[in-house]
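# Structural overview
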Amino acid sequence: MANKGYIDVNNKKVHRIDYATHWQLMWWKFRKNRMAMIAVGVLGIFLIISLFADFIAPYKSGTRNINYLQGPPIRVHLLDDKGNFHFHPFIYEMVKKRDPVTYRVSYVTDTSKKIPLRFFTRGETYRLWGLFESNLHLFGIDGGFINLFGTDQLGRDLFSRIMYATRISLSVGAVGVSFVFILGLIMGGIAGYLGGQTDELIMRLMEFIRSIPTIPLWLAMAAALPREWSSLKIYLAVTIILASVGWTNLGRRVRSKLISIREEDFILSARLAGCSDARIIIHHMLPSFMSYIIVDLTISFPYIILAETSLSFLGLGLREPIVSWGVLLYSAQNIQTLAQMPWLLITGLFIVISVLAFNFMGDGLRDAADPLAK
Amino acid sequence: MFHLITRRIAALLVTLFLISIIAFIIIQLPPGDFVDAYAGKKTQGGVIITQDELDVMRVRLGMDKPLYQQYLKWIGGVVRGDLGFSWEYHRPVKDVIGERLPLTLVMVFATLVFTYMVAIPIGIYSAVRQYSVGDHIATLLGYLGLATPGFLFALVLLYLGQKWFGMNVGGLFSPEFEDAAWSWAKFADVLSHLWVPVIVLGMAGTAFQLRTMRATLLDELNKMYVTAARAGGIPEFNLLIKYPVRMALNPIVATLGWELSKVISGAPIISIVLSLPTIGPLYVNALLNQDMYLAGALILIYCILVIVGTFISDILLMILDPRIRLGGKG
C-alpha cells in the first residue's frame with residue numbers, strides 16, 4: 001500500500017493506513033490504477049456532455065439545414081492554406097457544386113472565404129433540463145453553418161445529434177441500472193434471507209432467464225410494444241425490458257453475499273444486542289458488500305447501453321424524435337448510405353469509447369473492492 | 001456420473017417446457033391477432049373484408065378457443081414437427097426455416113471453432129510471455145473487441161471492403177451461385193464468404209475467452225506444482241500443456257454454453273447488417289410483420305440451440321474435471 005503517511009490519534013502518531021476506513025482504502029487502491037483514472041475522466045466528459053447537451057450542441061437535434069444535405073464534416077483550422085497561423089480558429093465556407101453530367105451534388109471548400117469561429121454565441125432557444133430558457137451556445141458562427149461531424153440525409157447536424165444522443169444513451173444506461181439494482185436487491189435479498197424453497201425457486205428462475213438468448217428475447221418483447229405509444233413511453237418500456245433480463249447477475253451476487261455474511265460473528269452480536277431484522281440488513285449486512293454491488297452495477301452499465309443500441313439499430317428500440325446512438329446508426333444500415341456518408345460512423349466511436357471507459361473503470365473498481373488483497 | 005446426467009436431462013425437459021410457454025406467450029403478445037393484421041393489410045390494398053369473414057377466419061385458425069387449448073394445439077403440432085403456417089411467406093414455417101437453418105448452424109459452429117482456435121493459443125502466449133509486446137497488443141485488442149458492438153464492426157468492414165477493394169463483403173454467396181443448386185463449387189464459395197461473419201460474430205467471445213485464459217493460466221503458473229514439475233526436469237512445453245493449461249481450460253469449457261448463447265444472440269443483428277441468408281433476418285422481419293408462428297418457432301429454435309449447447313458443455317466439463325464428475329464441489 002502506497003500510503004505511508006502518519007496521522008495523530010489521541011496525541012499518538014499512528015500509521016494512516018491502520019485507521020483508514022474501508023472506503024478510504026478502496027479509493028487509495030483505485031487511484032493507483034492509471035487506466036481506471038483515465039476512464040473516470042472520460043466518463044466525466046460524457047457526463048458533462050449529457051448534462052449540457054443543449055448548450056454544447058450548436059443546433060437542435062431535429063433542425064434541418066437544406067443547404068447542406070449529406071454534407072461532409074467541416075474542419076476547424078488554425079493554419080490557413082498559405083500556412084499562416086491564426087490565433088482565432090476559423091472554418092472555410094463550403095460551396096455546393098453540381099456535377100454537370102451526373103447532377104450529383106458535392107461540396108468543396110472555398111479557401112478564399114474564412115469564417116471565424118465564435119464562442120458563447122446566441123442561437124436557437126432551448127430549455128435546459130426543461131427549466132431554464134436560454135439561447136446561449138458553446139460555439140457557432142455568424143451566418144453560414146458549422147457541422148463538425150457533417151450532416152445526414154435531411155441536413156441535420158451530426159455533432160449536435162450525437163451530443164443529444166449521448167444524453168439519451170447514458171440515461172438509458174442509468175435508468176436501466178437503477179431497475180437492475182432494485183430488482184437484483186429484492187430478488188437476491190429474498191432468496192438469500194429466506195433460504196429454503198423460496199431460494200430454490202428464485203435460483204431456478206435466474207438460471208432459466210440466463211438460459212434464454214438475450215437479444216432474440218429482447219427483440220420479441222420490444223416488438224410487442226404498441227406502435228402508437230409516445231416515444232417517452234417506449235423509452236421507459238425499453239429500459240424496463242433490458243433490466244428485466246439483466247438483474248440476474250446482481251441477484252446472484254446479493255444472494256451469495258447474504259448467505260456468507262449471515263453466519264458471521266458481527267451479525268450474531270448485532271442480533272444478541274437486540275437489533276431488528278431490518279436494522280441488521282440495512283446497517284450491518286448491506287454496507288459490508290456494498291462495494292461489490294457497485295462493481296456489478298458498473299459492469300452492467302455498458303451491457304445495457306449496448307443492448308439499447310442494438311435494439312434501436314434494428315428499429316425495435318427507441319425512435320425519432322428521441323435520438324440515441326442506436327437511432328443515429330439506424331440510418332447508416334446499408335452500404336450505399338455508408339459509401340456516401342462514412343462520417344455517420346463517428347457515432348460508433350462514441351459507443352466504443354464509452355464502453356471502453358466503463359470496462360476500465362469496472363476493472364479498477366473490482367480490484368479496489370477488495371482493498372486488502374495484494 | 002450416470003445419475004448426474006439423468007438429472008441434467010430431467011432439468012433440460014423442464015426448461016424446454018417453460019421455453020415453449022414463453023414462445024407461445026410471444027406469439028400471443030402483440031396487440032391484436034394475426035387476423036387483425038391481415039385485415040389491416042387487405043384493407044390498405046382496397047379489399048373490403050366484413051366482420052363475418054374475419055370471424056370465420058378466426059374459427060378456422062382456432063383463435064376462438066381458450067388460450068390453453070390454443071397452446072395445446074400449437075405444442076402438439078410442434079412435437080409432431082408441424083410449426084404452423086407463415087402468412088408472410090404463404091408456406092409452412094418448417095419449410096421457411098428449413099432452408100436457412102443449416103447455414104445458420106454452420107455459421108455458429110464455425111464461429112465457435114474460430115473463437116477457441118484463436119483465444120486459447122493467444123491466451124497461453126499472453127500468460128507465458130506476460131508484459132511482452134505481444135501480450136500488450138493482445139490485451140489491447142481484447143479490450144477493443146469487448147467494447148465494439150458486433151454490428152458496428154460489421155458496418156466498418158462493409159465500408160472498408162467497399163472503399164479499398166470495391167467489393168461487397170456481405171452475403172454468403174457470390175451472385176453466380178445465388179440460385180444455383182448445391183455443389184462443391186458453391187460450397188467452396190460459401191466458405192470464402194464465411195470468414196467475415198465468423199470474425200465479426202466471434203470477436204467479442206474471442207476477446208472474452210482470451211482474457212479468461214490469460215488470467216486463469218497466470219494464476220496456475222504461480223502455483224507450487226508447476227515449480228515442482230519444473231524442478232523434476234520436465235521440458236517446459238510439455239509441462240505447460242500437460243498441467244497448468246489443462247487446469248486453465250476448465251473455466252473456458254464451463255462457459256462454452258454461455259458462449260454459444262452469446263453467438264446465437266448476436267447473430268440476428270450481424271446477419272441483417274451483412275445480409276446473410278440465416279434465420280436472423282427472418283426472425284426480425286417476422287416480429288416486425290407480426291408473422292407470429294414463424295417468430296415463435298424461431299425463438300424456440302434459438303432457445304433449444306442454447307440449452308442443448310449448455311448441456312453438451314456440462315457433459316464436457318464432467319469428462320474434463322474429475323471433481324465435478326465425482327459429485328464433489330468444484
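Residues numbered from 1 in each chain as written. Chains lettered and ligands numbered in written order. Predicted model: local features only at pLDDT ≥ 70, side-chain atom pairs only at ≥ 80, totals over all residues.

## Describing the overall build of chain B
Looking only at helices and strands, chain B features 16 helices and 2 strands. Sorting the 330 residues of chain B into buried and exposed places 33% on the buried side. Here the analysis covers contacts within chain B between residues at least 6 apart in sequence; of these, 71% occur between residues at least 24 apart. (Helix = DSSP H or I, 4+ residues; strand = E, 2+ residues; numbered from the N terminus. Buried ≥ 20, exposed ≤ 12 C-beta atoms within 10 Å, placed from the backbone. Contact = placed C-beta atoms within 7 Å.)

## Examining the overall build of chain A
From N to C terminus, chain A includes 14 helices and 7 strands. Since a compact globule built from 374 residues should have a radius of gyration of about 21 Å, the 26 Å found for chain A marks it as more spread out than a globular shape. Seen through its C-alpha atoms, chain A measures out along the principal axes to roughly 90 × 60 × 40 Å. Looking at the 374 residues of chain A, the share that counts as buried comes to 33%. The contacts of chain A with a sequence gap of at least 6 include a subset with a gap of at least 24, amounting to 68%. (Rg over C-alpha atoms; globule rule 2.2 N^0.38 Å.)

## Concerning helix H14 (residues 279–288) of chain B
Residue and element names in this part refer to chain B. Among the 10 residues of H14, 7 are classified as buried, and the element is accordingly described as predominantly covered. Within H14, burial applies to Ile-279, Gly-280, Leu-282, Tyr-283, Val-284, Ala-286 and Leu-287. A positive phi of about 55 degrees marks Gln-290, the residue just after H14.

## What about unusual backbone geometry?
Residue and element names in this part refer to chain B. Unlike most non-glycine residues, Tyr-131 shows phi in positive territory, near 65 degrees. Tracing the chain through its elements places Tyr-131 in the loop between helix H6 (101–128) and helix H7 (133–147). Judged by local crowding, Tyr-131 falls into the exposed class, with 9 C-beta atoms found within 10 Å. Phi at Ser-275 is positive, roughly 40 degrees, even though this residue is not glycine. Structurally, Ser-275 can be placed in the loop between helix H13 (256–273) and H14.

## Description of the interface of chain A and chain B
How big an interface is tends to be reported as the loss of accessible area on association of its parts. Each partner contributes residues to the interface: chain A has 30 residues there, and chain B has 39 residues. Of all the secondary structure elements, the ones that give two or more residues to the side of chain A that touches chain B are helix H6 (196–211), helix H7 (214–223), helix H11 (277–313), helix H13 (335–340) and helix H14 (346–369) of chain A. Here the residues of the side of chain A that touches chain B are counted per class, giving 23 nonpolar, 7 polar and no charged. (Nonpolar A, V, L, I, M, F, W, Y, C, P; charged D, E, K, R; others polar.)

## What about the confidence of the model for chain B?
All names here are of chain B. Averaged over all residues, the pLDDT of chain B is 81; the fraction at 70 or higher stands at 90%. Helix H16 (residues 322–325) is the least confidently modelled element of chain B, averaging 68 in pLDDT, while H6 averages 89, the highest of any element. Overall fold confidence (pTM) sits at 0.80, and the ipTM for the predicted complex is 0.76. (pLDDT = per-residue confidence, 0-100.)

## Comments concerning the environment of Val308(B)
All names here are of chain B. Relative to the elements of secondary structure, Val-308 occurs in helix H15 (residues 292–320). Overall, Val-308 belongs to the partly exposed group, with 14 C-beta atoms counted inside 10 Å. Val-308 sits 51 residues away from Gly-257 along the chain, and the two C-alpha atoms are 8.2 Å apart.

## Focus: the packing of helix H5 (residues 158–194) of chain A against H14(A)
Residue and element names in this part refer to chain A. Running from N to C, H5 and H14 point in directions that differ by 30 degrees, and their axes come no closer than 10 Å. With respect to H14, the element H5 is oriented roughly parallel. In terms of crossing hand, the pair formed by H5 and H14 is right-handed. Seen from H5, the contacting residues are Leu-158, Ile-162 and Thr-166; seen from H14, they are Ile-346, Thr-347 and Phe-350. Across the contact of H5 with H14, the residue classes tally to 4 nonpolar, 2 polar and no charged. (Axes fitted to C-alpha atoms, helices over the stretch in contact; angles between N-to-C directions. Parallel < 35°, antiparallel > 145°, perpendicular 65-115°, else oblique. Left-handed = near helix turned anticlockwise from the far one by under 90°.)

## Structural notes on the nonpolar core
A general feature of soluble globular proteins is that nonpolar side chains tend to end up buried together. Within the largest apolar cluster, 139 residues are counted, with the highest numbers of intra-cluster contacts made by Trp218(A), Leu219(A), Ala295(B) and Leu298(B). Looking at which element gives the most residues to this core, the answer is H15(B), with 13 residues. Contact partners of Leu298(B), with chain neighbours within four places excluded, come to Ile97(B), Ile279(B), Leu282(B), Tyr283(B) and Ala286(B). Counting 5 residues, the second-largest nonpolar core is a separate cluster that includes Ile74(A), Ile91(A), Met94(A) and Phe145(A). (Core = buried A, V, L, I, M, F, W, Y, C linked by C-beta atoms within 7 Å.)

## Here's the deal with the sheet that holds strand E4 (residues 85–98) of chain A
All names here are of chain A. A sheet is described by the order of its strands in space; here 3 strands give the open sequence E3-E4-E5, paired in antiparallel fashion. Lying at the two open borders of the sheet, with one neighbouring strand each, are strand E3 (77–79) and strand E5 (105–116). Taking the axes of each pair of neighbouring strands and ignoring which way they run, one obtains an average angle of 45 degrees across the sheet. Here E3 pairs with E4 via 2 bridges, running antiparallel. Note that in E4 the partner of Leu-79 across the bridge is Phe-85. (Pairing = 2+ DSSP bridges.)

## Considerations on the packing of helix H9 (residues 184–221) of chain B against helix H12 (residues 244–254) of chain B
The relative placement of two packed helices comes down to the angle between their axes together with the axis-to-axis distance. Residues and elements named next belong to chain B. At a closest axis distance of 9 Å, the pairing of H9 and H12 adopts a crossing angle of 140 degrees. If you check the angle between H9 and H12, you find them oblique. Here H9 and H12 pass one another in a crossing that is right-handed. Judged by residue contacts, Gln-209, Thr-212, Met-213, Thr-216, Leu-217, Glu-220 and Leu-221 of H9 engage Pro-244, Val-245, Met-247, Ala-248, Pro-251 and Ile-252 from H12. Across the contact of H9 with H12, the residue classes tally to 9 nonpolar, 3 polar and 1 charged.

## Considerations on helix H8 (residues 150–165) of chain B
With 16 residues, H8(B) should cover 22 Å at 1.5 Å per step; its first-to-last C-alpha distance of 21 Å lies within 8% of that length. Residues Gly150(B), Phe151(B), Leu152(B), Phe153(B), Ala154(B), Leu155(B) and Leu158(B) constitute the buried set of H8(B). On the buried face of H8(B), the contacting elements are H11, H13 and H14 of chain A together with H9 and H13 of chain B. Residue Gly166(B) follows H8(B) closely and has a positive phi angle near 60 degrees. (Expected span 1.5 Å × (residues − 1).)

## A word on the pairing of strand E6 (residues 118–128) of chain A
Examined bridge by bridge, E6(A) and strand E7 (residues 132–140) of chain A share 7 bridges and lie antiparallel to one another. Bridge assignment links Phe119(A) to a residue of E7(A), and that residue is Phe139(A).

## Observations regarding the environment of Val128(B)
As for its position among the elements, Val128(B) is in helix H6. Separated by 81 residues in sequence, Val128(B) and Gln209(B) have C-alpha atoms that sit 16 Å apart.

## Side note on the pairing of E5(A)
As a general feature of sheets, a regular strand has side chains that alternate between the two faces. Pairing of E4(A) with E5(A), which is carried by 9 bridges, proceeds in the antiparallel orientation. The residue of E5(A) that forms the bridge with Met94(A) is Thr109(A).

## A closer look at the environment of Thr239(A)
Residue and element names in this part refer to chain A. Note on placement: Thr-239 falls in helix H8 (residues 231–246). For Thr-239, a count of 24 C-beta atoms within 10 Å translates into the label buried. Placed 79 residues apart in sequence, Thr-239 and Leu-318 show a C-alpha to C-alpha distance of 9.7 Å. Setting aside anything within four residues of it in sequence, one finds Thr-239 in contact with Val-172, Val-175, Gly-176 and Phe-179.

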